[in-house]
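# Understanding the architecture of this molecule
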Amino acid sequence: MATEKPVMIVGIDDSERSFYALDWALEHFFVPHAPNFPFKLFVVNAKPSAASTAGFAGAGAPEVLPFLEADLRRVAAGVVDRAKQLCISKSVHGVTLEVIEGDARNVLCEAVEKHHASVLVLGSHGYGAIKRAVLGSVSDYCAHHAHCSVMIVKKPKTKH
């Protein structure tokens, strides 16, 4: 009887740091084990809703919603295509790519539950305390609320 492989989810957005985390996960958990990968890989992009983004636009927001939605879809498609190309370049096949609308914190924690993930991999934006307090930290939220191990991959600082 074949056993199911554990699931790894990598959360991505359009930032270099999230793609660094995806690349790091591929290099450390997939490339050395090809073609017998130790995990089933899901790459998840949380696309904000146009309505939540337009909330900052104030008056006239309803008129911009269709344009905003089209732009958010375009960005999400670009993120997923870039992730797909990165996986292909590393000869990592069988990856499931998902775009799910909603707040990244909730989307990722719900993806962990849906796929019964063993590990969630996220990049760190490296915000300071004030920015983190104002914007919130997806990785911090997931570390406290996801029902699996959470790996936060930090891109090394370049030395001058």
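Data block above holds the structure.
The buried count for strand β4 (residues 119-123) comes to five of five residues, which makes it a mostly enclosed element. The side-chain alternation of β4 yields two buried faces, one formed by Val119, Val121 and Gly123 and the other by Leu120 and Leu122. Relative to strand β5 (residues 149-153), β4 is paired through five bridges, and the arrangement is parallel. Its bridge partner lying in β5, Val119 is registered against Ser149.

Across all of its chains, the model carries four aromatic pairs by this definition. Judged by centre distance (6.5 Å) and plane angle (50°), the ring pair of Phe30 and Phe39 falls under tilted. Of the two residues examined, Phe30 and Phe39, each falls in the buried class. For Lys40, the ring lying beneath its charged end belongs to Phe42, and the centroid distance is 5.0 Å.

Relative to the helices and strands, Lys47 resides in strand β2 (residues 40-47). Looking at Lys47, the relative accessible area reads 7%, which means it is buried. One polar contact links Lys47 to Glu101, side chain to side chain, over a distance of 3.0 Å. Sequence-distant contacts of Lys47, that is, excluding residues within four places in its chain, are made with Glu69, Leu72, Arg73, Ala76, Val99, Ile100, Glu101 and Gly102.

Moving on to a positive patch on the surface. A cluster of basic residues, Arg17, Lys154, Lys155 and Lys157, forms a positive patch at the surface. According to the relative accessible area criterion, Lys155 is partly exposed, its value standing at 38%.

Quick look at the nonpolar core now. Counting 22 residues, the largest nonpolar core has Met8 and Leu22 as its most contacted members. For this core, the secondary-structure elements that each account for two or more residues are β1 (7-12), α1 (16-30), β2, α3 (61-89) and β4. Sorting elements by how many residues they give to this core places α1 first, with six residues. For Met8, the contacting residues outside a window of four places in its chain are Ala25, Phe29, Phe30, Phe39, Lys40, Leu41, Phe42, Val119 and Val121. Core analysis: the next-biggest nonpolar cluster, separate from the first, contains 16 residues, Val107, Ala117, Leu122 and Cys142 among them.

Rules of the game
- Residues numbered from 1 in each chain as written.
- Predicted model: local features only at pLDDT ≥ 70, side-chain atom pairs only at ≥ 80, totals over all residues.
- Heavy atoms only, no water.
- Buried < 20%, exposed > 50% of the residue type's maximum accessible area, 1.4 Å probe, protein only.
- Helix = DSSP H or I, 4+ residues; strand = E, 2+ residues; numbered from the N terminus.
- Pairing = 2+ DSSP bridges.
- Phe/Tyr/Trp six-rings, centres within 6.5 Å; stacked < 30°, edge-to-face > 60°.
- Lys NZ or Arg CZ within 6 Å of the ring centre and 35° of its normal.
- Polar contact = N/O pair within 3.5 Å; in protein donor to acceptor, adjacent residues only side chain to side chain.
- Contact = heavy atoms within 4.5 Å.
- Patch = residues over 30% accessible without salt bridge, like charges linked within 9 Å, V, L, I, M, F, W, Y side chains within 5 Å.
- Areas by Shrake-Rupley, 256 points an atom, 1.4 Å probe, with all protein chains shown as cover.
- Salt bridge = Lys/Arg side-chain N within 4 Å of Asp/Glu carboxyl O.
- Lys, Arg positive; Asp, Glu negative; His and termini not counted.
- Charge placed at Lys NZ, Arg CZ, Asp CG, Glu CD.
- Core = buried A, V, L, I, M, F, W, Y, C linked by side-chain atoms within 4.5 Å.

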